[in-house]
Amino acid sequence: INDGSSLESLQVVADPSLEKRDLTFGSAVEVQGKLVKSPHRMQNMELQAETIRVVGPCDIWSFPLKMKERHPLEYVRQFPHLRCRSNTLGALLRIRSEATAGIHSFFQDNGYVHIHTPIITSNDCEGAGELFQIGESAEKTHFFSVPAFLTVSGQLHLEVMAGAFTHVFTFGPTFRAENSQSRRHLAEFYMVEAELSFTESLQDIMQVMEDLFKTVTSTVLSKCPHDVELFHKYIAPAQKGRLEQILKHKFMIISYSEAVEILKQAPQTFTFKPEWGCDLQTEHEKYLVKHCGEVPVFVVNYPYDLKPFYMRDNEDGPQHTVAAVDLLVPGVGELCGGSLREERLPFLKSRLQRYLDLRKFGSVPHGGFGMGFERYLQYILGVDNIKDVIPFPRFSHSCLL
Ligand SMILES: NC(=O)C[C@H](N)C(=O)O
């Protein structure tokens, strides 16, 4: 029997007289008996049954999970209502739960205030036009009197709060209508976001990203060793022992301009030719991570024209950049994105009125970042498809259950 608390099952030993006809694999049972030391090498304890009750029988002929079988992730994905009972998803969801607690502890222990940023909003923080509008009928639009959307980022609300509480964070669902079938995107994903007042250097933001990653990963490794081992044994053998190494070393930092030079000198050709001013594509990110030795790498100072309005102008030239940073990791690409925010009023004229107000009323230098939680899990566990690290994946043309 297994109650979902760990990968291990508890062996029940029963007299044949207790056997029930409907006691099949997958059934819900209640067993009473004595917990005794097991004579078998593979287990510590076993339960000597005195009574067995089949609470909910399971029709094994139509039950899609088979006993002692390692089902491929693509196979169990077809059963969003049952896959949490498979070993892999079970392990994943326990790790996800520990990682969630680890993220909250990391920030709370470091003096951050947790803010519930809204899910319904009237802003498009990233300005990328990937919003899901809610109440698309005219009648529903009147509900808020303005067009309303599912949030793409809690950043702007966090910036408001950073003006009152200095260090703040949020960790909730975010939504992007990216019509992509990629293995790195979901329409609904969880994002950890932090905002730090009185910070004037990107270095401070990167330090928090790195500390967050390392602290949470150490927690997961120590709290869920068997669950993590399952991934590193069966799903991503190359990942075995790598995380421990990564935790010991400082993450690398390169500038966007250096990244473009590295790409230009690459012995391979890319579908998108690397040029200064172009966004880094997945193939570029992959090459950069490989070039750096398959470790996490920060890329800093991106072209001004590529990034959203809120990023701080580096006032450099002729290659004009902003104080932005992306953290790239092997197998996943961009894990975190952040920046110093533009706190100078004249630079923001003609932008959002309330954003301008924040600069008029006691503005301070500040910055922040966001980390995609599913991409984090994908990276540490070596899971190829992001749909396999969230309980109920939502993506274009799919909203099962
Ligand atoms: N809070 C952040 O800096 C994350 C950023 N708004 C993004 O969505 O990429």
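Residues numbered from 1 in each chain as written. Predicted model: local features only at pLDDT ≥ 70, side-chain atom pairs only at ≥ 80, totals over all residues. Heavy atoms only, no water.

As annotated in an unreviewed UniProt entry, the protein carries the name asparagine--tRNA ligase and comes from Corvus moneduloides. Looking at the protein in UniProt, the text filed under Sequence similarities (unreviewed entry) is "Belongs to the class-II aminoacyl-tRNA synthetase family." (UniProt positions renumbered as here; feature names shortened; annotations may be inferred.)

The next subject is the nonpolar core. Counting 58 residues, the largest nonpolar core has Ile103, Phe107, Leu212, Phe213 and Tyr376 as the members making the most contacts within it. Setting aside anything within four residues of it in sequence, one finds tyrosine 376 in contact with Ala99, Phe213, Val216, Thr217, Val220, Leu335 and Met371. In this structure, Leu280, Tyr310, Val322 and Tyr355 belong to the second largest nonpolar core, which totals 27 residues. (Core = buried A, V, L, I, M, F, W, Y, C linked by side-chain atoms within 4.5 Å. Buried < 20%, exposed > 50% of the residue type's maximum accessible area, 1.4 Å probe, protein only. Contact = heavy atoms within 4.5 Å.)

What follows deals with the site of the ligand. Taken together, Glu126, Ser153, Gln155, Arg176, Met191, Glu193, Tyr310, Gly337, Arg341, Gly368, Phe369 and Gly370 form the complete shell of residues around the ligand. Take serine 153: an N or O atom from its side chain is 3.0 Å from a nitrogen atom of the ligand. In the model, a nitrogen atom of the ligand is placed 3.4 Å from a nitrogen or oxygen of the tyrosine 310 side chain. The protein chains hide 91% of the 270 Å² of surface that the ligand would expose on its own. Mapped by element, the contributors of at least two residues to the shell around the ligand are β9 (188-197) and β14 (366-372). (Near = heavy atom within 4 Å. Polar contact = N/O pair within 3.5 Å; in protein donor to acceptor, adjacent residues only side chain to side chain. Areas by Shrake-Rupley, 256 points an atom, 1.4 Å probe, with all protein chains shown as cover. Helix = DSSP H or I, 4+ residues; strand = E, 2+ residues; numbered from the N terminus.)

Where burial is concerned, most of strand β11 (residues 297-303) is hidden: 6 out of the 7 residues are buried. Summarising the sheet, strand β10 (residues 252-255) and β11 pair through 4 bridges and their orientation is parallel. Opposite isoleucine 254, over in β11, you have valine 299 as the bridge partner. As paired elements, β11 and strand β12 (residues 321-329) share 6 bridges and run antiparallel to each other. By the bridge assignment for β12, valine 297 is matched with leucine 328. (Pairing = 2+ DSSP bridges.)

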